[in-house]
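Each chain is listed here by its residues.
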Amino acid sequence: MRHVDFSPLYRSTVGFDRLFTMLDSLGQPDQAQSYPPYNIERTGENTYRITMAVAGFDESELSIEAREHALTVKGEKKDDAAEESQYLYRGIAKRAFERRFQLADHVEVRAASLKNGLLHIDLLREIPEAMKPRRIEIAAVQREARQIEAQTN
């Protein structure tokens, strides 16, 4: 993949450092695991849902943390010390995971639920009233009409 140089944009923008850093990191090879698989969907104009396949995990083994502009989902399986069965084949993963998502400004986690091995995290983007665009009325300036008098010599 090509590397994009954002330095010309730094000269004409203010406060977009985080965005350019995120775009730079997208060009890097993904070091993270592909486990667990997940979907990100837009469910409304300002609502989103992250769905993660976490088969074999229950609520007590999962943790969700939202901090600043990041959402972290962790899963840690408890040891089954009392497990007496011997597996011939083990296809269901029991490994711990940590998945991070970058959140845009004003995106909040509203709810999380676990159903049928799928973890659903509902997100809402609420832009504060002060940040929403507003129309500014332009006042017309009244000019006085002046009459120019000619001077005669």
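Look a little higher up for the structure.
Residues numbered from 1 in each chain as written. Predicted model: local features only at pLDDT ≥ 70, side-chain atom pairs only at ≥ 80, totals over all residues. Heavy atoms only, no water.

Engineer: Run through the packing of aromatic side chains, naming residues and quoting values.
Structural biologist: Summed over the entire model, instances satisfying the criterion amount to three aromatic pairs. Aromatic pair Tyr-35 and Phe-97: ring centres 5.9 Å apart, planes at 90°, arrangement edge-to-face. Pair noted here: Tyr-35 is in the loop between α2 (17-27) and β1 (38-42) and Phe-97 is in strand β5 (residues 97-102), with a separation of 62 residues, a long-range link. Take Tyr-35: its relative accessible area is 12%, and that puts it in the buried class. Assessed through its relative accessible area of 4%, Phe-97 is described here as buried. With a centroid separation of 5.4 Å and 85° between ring planes, the pair formed by Phe-57 and Phe-97 is classed as edge-to-face. With a gap of 40 residues between them, Phe-57 in the loop between β2 (47-53) and β3 (62-67) and Phe-97 in strand β5 connect regions that are remote in the sequence. (Phe/Tyr/Trp six-rings, centres within 6.5 Å; stacked < 30°, edge-to-face > 60°. Helix = DSSP H or I, 4+ residues; strand = E, 2+ residues; numbered from the N terminus. Buried < 20%, exposed > 50% of the residue type's maximum accessible area, 1.4 Å probe, protein only.)

Engineer: Help me get a handle on the sheet that holds strand β6 (residues 107-115), residues and values and all.
Structural biologist: With antiparallel pairing, four strands are arranged side by side in an open sheet as β1-β2-β7-β6. Either end of the sheet is taken by a strand with one partner, and the two such strands are β1 and β6. Direction aside, the axes of adjacent strands within the sheet are offset by 15° on average. With eight bridges connecting them, β6 and strand β7 (residues 118-125) associate as antiparallel partners. Residue Leu-114 lies in a different strand from β7, and its bridge partner there is Leu-119. (Pairing = 2+ DSSP bridges. Axes fitted to C-alpha atoms, helices over the stretch in contact; angles between N-to-C directions.)

Engineer: Go over unusual backbone geometry with me, naming the residues and quoting the values.
Structural biologist: Backbone geometry places His-106, a non-glycine residue, at a positive phi of 65°. Topologically, His-106 is positioned in the loop between β5 and β6. Unlike most non-glycine residues, Asn-116 shows phi in positive territory, near 55°.

Engineer: Residues and numbers for the environment of Lys-94, please.
Structural biologist: Residue position: Lys-94 is located in the loop between β4 (70-75) and β5. C-alpha of Lys-94 to C-alpha of Val-54: the two residues are 40 residues apart in sequence and 9.8 Å apart in space.

Engineer: Describe the sheet that holds β5, with residues and values.
Structural biologist: Spatially, β3-β4-β5 is the arrangement adopted by the three strands of the open sheet, whose pairing is antiparallel. The open sheet has two edge strands, β3 and β5, and neither has a second partner. Sheet twist, expressed as the mean angle between neighbouring strand axes with direction ignored, is 15°. Here six bridges tie β3 to β4, and the two strands are oriented antiparallel to one another. By the bridge assignment, Glu-65 is partnered in β4 with Thr-72.

Engineer: Before we move on, could you go through the pairing of β7 and cite the residues and values that matter?
Structural biologist: As judged from the seven bridges shared by β2 and β7, these two strands associate in the antiparallel manner. Residue pairing in the sheet places Arg-49 in a bridge with Asp-122 of β7. Connecting the antiparallel pair β6 and β7 is a turn made up of two residues, with Asn-116 showing a positive phi of about 55°.

Engineer: Pulling in residues and values, what's your account of the nonpolar core?
Structural biologist: Met-52 and Phe-97 are the most contacted members of the largest nonpolar core, which has 15 residues in total. When contributions to this core are tallied by element, the ones reaching two or more residues are β2, β4, β5 and β7. By residue number, the principal contributor to this core is β7, which donates three residues. (Core = buried A, V, L, I, M, F, W, Y, C linked by side-chain atoms within 4.5 Å.)

Engineer: Help me get a handle on the side chain of Thr-51, residues and values and all.
Structural biologist: With respect to the element layout, Thr-51 can be found in strand β2. Among the polar contacts listed, one links the side chain of Thr-51 to the side chain of His-120, at a separation of 3.2 Å. Those residues in contact with Thr-51, other than ones at most four positions away along the chain, are Pro-37, Tyr-38, Asn-39, Glu-41, Leu-118, Leu-119 and His-120. (Polar contact = N/O pair within 3.5 Å; in protein donor to acceptor, adjacent residues only side chain to side chain. Contact = heavy atoms within 4.5 Å.)

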